[in-house]
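# Observations on the model geometry
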Amino acid sequence: MSASQRRLFWAFLRIGLFGFGGGPSMIPLIRAEVVSRHGWLDDDEFADILAIANTLPGPIATKMPGYIGYRVGGIAGCLTAVIAVIGPTIVAMIALLGLFSRYRDVTWIQGMGQGVVPVVMVMMAQLTWDFWQKSRLTLGWLVSLALATCAGGLIYWLGVHPGWIIGAVLITALLRPTPRAVKGVAR
Amino acid sequence: MIYWQLFLAFFIPNIIGYGGGPAIIPLIEAEVVGRYGWMGAQEFAETLALGNALPSPIATKMAGYVGYDVAGIGGAAVAVFATVVPSLLLMLGALGLLYRYRESPRVKRMSQWVRPVIAVMMAWLSWSFFSEGLSGAGLIHTLLIGIVAAIALLRFRVHPAFVVMAALIYGGLFLG
């Protein structure tokens, strides 16, 4: 492993291990390592790459390391950075949950599993609220509610696969002419 | 066959999931619990709880564990591959093109318009965790844990890892 690969590995390992709270919360950490500490990118480049990564779907916390790793160390750098960010916690997940499901028949282990469900319910409700608020602030509550109701009805009442609905929304957003929408946002 | 299903189950949520990691959770649930029935709501909730307690992106942790649970190490590799590689290849391959459109209002609109759809799916998922709580822990425990967790997470900004750990201990002592 060359020196630059090793630096990439440690930088993204730190980002992966200290990045609690999912992808978007890891961006400041990535910036600290990549811009401030190692100088692989300058501020403007980092902002551009973040904006580009946001034009694509999928987790932000693997697109950024993958691209930065590729810039610094080619294909090998790309692999090094991605594995360093996601590898350790995937192994931890499999080990912990594997242990957990082996003893699923023990009653107090079952109790632990049941105890955690309401916590996840609260976390999901909080995410629902965040997404609703963001959506209300950008689209207005009427449009948000209309979109949410239509989508909810199609998915849960008529059983349409969510992929079709989101796909249709994405294509409409991409192809529909912009001028009126821009005015709507400025208003 | 199982590998192809795993690939699709994680490729689809990640290729339509605009708005970062959390947006992908209800989409993954729709595939893993809803479509293929690899997990029940309880097991999905446990996976999500541990996923939230550990660092690094949630989408790859879910993929890694679900893949492993369904088809071993190979399954984990396929699910993580489907999560990471397609969008990364697009980014490396189409960088110039994407650079031109990075400030485009149409592109910004994509994640804005998807948000209400994700929100309604998240609301549905919260509800399904609530009914899972009712049939497992029962109404009183579900409300008690839920309210204490909400106060700890929202009011006192306690780290999710500690809240999950407290719920595990409570569950081990008083439930089951």
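Residues numbered from 1 in each chain as written. Chains lettered and ligands numbered in written order. Predicted model: local features only at pLDDT ≥ 70, side-chain atom pairs only at ≥ 80, totals over all residues. Heavy atoms only, no water.

- Named according to an unreviewed UniProt entry, chain B is Transporter YwrA originating from Litchfieldella qijiaojingensis.
- UniProt annotates chain B under Subcellular location (unreviewed entry) with the comment "Cell membrane".
- Quoted verbatim from the Sequence similarities (unreviewed entry) field of the UniProt record, the comment on chain B reads "Belongs to the chromate ion transporter (CHR) (TC 2.A.51) family." (UniProt positions renumbered as here; feature names shortened; annotations may be inferred.)

- Under an unreviewed UniProt entry, the name given to chain A is Transporter YwrA, and the source organism is Litchfieldella qijiaojingensis.
- The record in UniProt for chain A states the following under Subcellular location (unreviewed entry): "Cell membrane".
- Note on chain A: under the UniProt heading Sequence similarities (unreviewed entry), the record states "Belongs to the chromate ion transporter (CHR) (TC 2.A.51) family."

## Regarding the interface of chain B and chain A
- Tallying the contact residues gives 95 residues for chain B and 90 residues for chain A.
- Of the roughly 8300 Å² buried between chain B and chain A, counting both surfaces, carbon and sulfur atoms make up 79%.
- Counting the surface chain B buries against chain A, the share from its top three residues, Met91(B), Trp113(B) and Arg115(B), is 8%.
- Between chain B and chain A we count 2 salt bridges in total.
- Of the charged contacts in the structure, one is a salt bridge between Arg102(B) and Asp48(A), with a shortest N-O distance of 3.0 Å.
- Taken together, chain B and chain A are joined by 18 residue pairs in polar contact (both at pLDDT 80 or more). (Contact = heavy atoms within 4.5 Å. Buried area = accessible area lost by both parts, 1.4 Å probe. Salt bridge = Lys/Arg side-chain N within 4 Å of Asp/Glu carboxyl O. Polar contact = N/O pair within 3.5 Å; in protein donor to acceptor, adjacent residues only side chain to side chain.)

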